[in-house]
Amino acid sequence: MTQPIAMLDGPLWPYLALVLFAFLPTEIWRWLAVGFARGLDADSPLLEWVRMVATALLAGIVAKLIVSPPGVLAAAPLLVRVAAIAAAATVMALTRRRMMLAVVTGEVVLVGGVWLFGG
Amino acid sequence: MSVSADWSWPRVALAGARDALRLPAWIVGLGLIGIGSLARDVGYPVDVAVLSTILVWAGPSQVLFFASIAAGAAWSAIAIAVGFASLRFLPMTMAIMPLLRRPGQSVWLQIWLAHYVAVTAWTEGLRRLPGIPPHQRAVYFLGFANTCMVVSSIGTFSGYYLLGALPTPLAAGLLCLTPIFFLVSLTAGLRHVADVVAVGLGLALAPICERFIGGGFDLIVSGLMAGSIAFLIGRRRKAAT
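Residues numbered from 1 in each chain as written. Chains lettered and ligands numbered in written order. Predicted model: local features only at pLDDT ≥ 70, side-chain atom pairs only at ≥ 80, totals over all residues.

1. Regarding the interface of chain A and chain B
- In this assembly, 68 residues from chain A lie in contact with 89 residues from chain B.
- Among the elements of the structure, α1 (13–37), α2 (45–67), α3 (78–94) and α4 (99–117) of chain A are those that each provide at least two residues to the side of chain A that touches chain B.
- With 21 residues, the single largest contributor to the side of chain A that touches chain B is α2 of chain A. (Contact = placed C-beta atoms within 7 Å. Helix = DSSP H or I, 4+ residues; strand = E, 2+ residues; numbered from the N terminus.)

2. A word on the domain arrangement of chain B
All names here are of chain B.
- Per the domain assignment, the segments of chain B are domain 1 (9–175) and domain 2 (190–241).
- Look at where the C-alpha atoms of domain 1 and domain 2 centre, and you get two points 24 Å apart.
- Tallying the contact residues gives 6 residues for domain 1 and 5 residues for domain 2.
- Classifying every residue of the side of domain 1 that touches domain 2 gives 5 nonpolar, no polar and 1 charged. (Domains from an automatic or database assignment. Nonpolar A, V, L, I, M, F, W, Y, C, P; charged D, E, K, R; others polar.)

3. Some thoughts on helix α13 (residues 218–240) of chain B
- Between its first and last C-alpha atoms α13 of chain B spans 33 Å; for 23 residues at 1.5 Å apiece the expected length is 33 Å, and the two agree.
- Among the residues making up α13 of chain B, those that are buried are D218, L219, S222, G223, A226, G227, A230, F231 and G234 of chain B.
- Against α2 of chain A together with α6 (75–86) and α12 (193–212) of chain B lie the buried residues of α13 of chain B. (Expected span 1.5 Å × (residues − 1). Buried ≥ 20, exposed ≤ 12 C-beta atoms within 10 Å, placed from the backbone.)

4. Overview of unusual backbone geometry
- If you check the backbone angles, W57 of chain B has positive phi at about 50 degrees while not being a glycine.
- Looking at the secondary structure, you find W57 of chain B in the loop between α4 (46–55) and α5 (59–71).

5. Re α3 of chain A
- The first and last C-alpha atoms of α3 of chain A sit 24 Å apart over 17 residues, in line with the 24 Å expected at 1.5 Å per residue.
- Residues of α3 of chain A that are buried: V80, R81, A84, I85, A87, A88, A89, V91 and M92 of chain A.
- In this fold, the buried residues of α3 of chain A make contact with α2 and α4 of chain A together with α11 (168–188) of chain B.

Below, the structure written as structure tokens:
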């Protein structure tokens, strides 16, 4: 467990930690983007590239959460986690993108898999 | 739901809320249940868990924040890790702002709108906003995103008290909602071959980069590589036709 910074410790520490080490490092990018986006045209090639990078980054987050899972998700074996993602993607590909069905299928694979093979 | 140009703003906001309640709000809400349990694991009060959903509004950043505290990481390391994981908001917000922006709009409104940029509002926004009259987009977006945020806050609150009591498979299932939903949202927005390449390469390169590039740079490097390759493929196809 990370201990509070002694000088700033007190009942308000968790709130301060949240603002300093989670809110600001996240929000800063949204603020910067508002500035950068000024004057950019919606169909400019630069923005198309930016959108592609954003898409790839999001996909990367998915892969990272599956490969190094947080908390109790680690109870699911790697193969089960990959199978859950693959199942959801397959449903999206085969059913003209029925999101609800895809999410439910992925979840059923994961929960069922942990039930059968999890520790 | 389609929005017509002569609707009053409450009706537009309501249309946004209704579209959110059709599915996206529930999924984000369920996906952020896990945050409650992670916050509880490190002994932080429930309002910090809920505030993290409202202020940070980014599942992976929140997971990283609480899980790093549990692991005993240094505060500076936590801030840097969260910063790198959130770098995606720079390109994401830049991509959606031209759809929401209007001449004469104040910077403050734009900063407020930008705060809601996260996977759901982003993928759904890119898909739905072009079909909505430009002067109503901001209101629609706020109705949509705020509904997601309210439902998610309730989810985080319940997770704080609930998740420890759940059997392991169900608790794991809730935590896995985030990656599954991310992927499903991304595939719902696929339009061109280039989009498919971006998603596919992004998935494949991230674990490889995680192995070989340290210091938190791995995700951004894989994103830049995969995104740039996808962009070039898209350009070549466009040039060919």
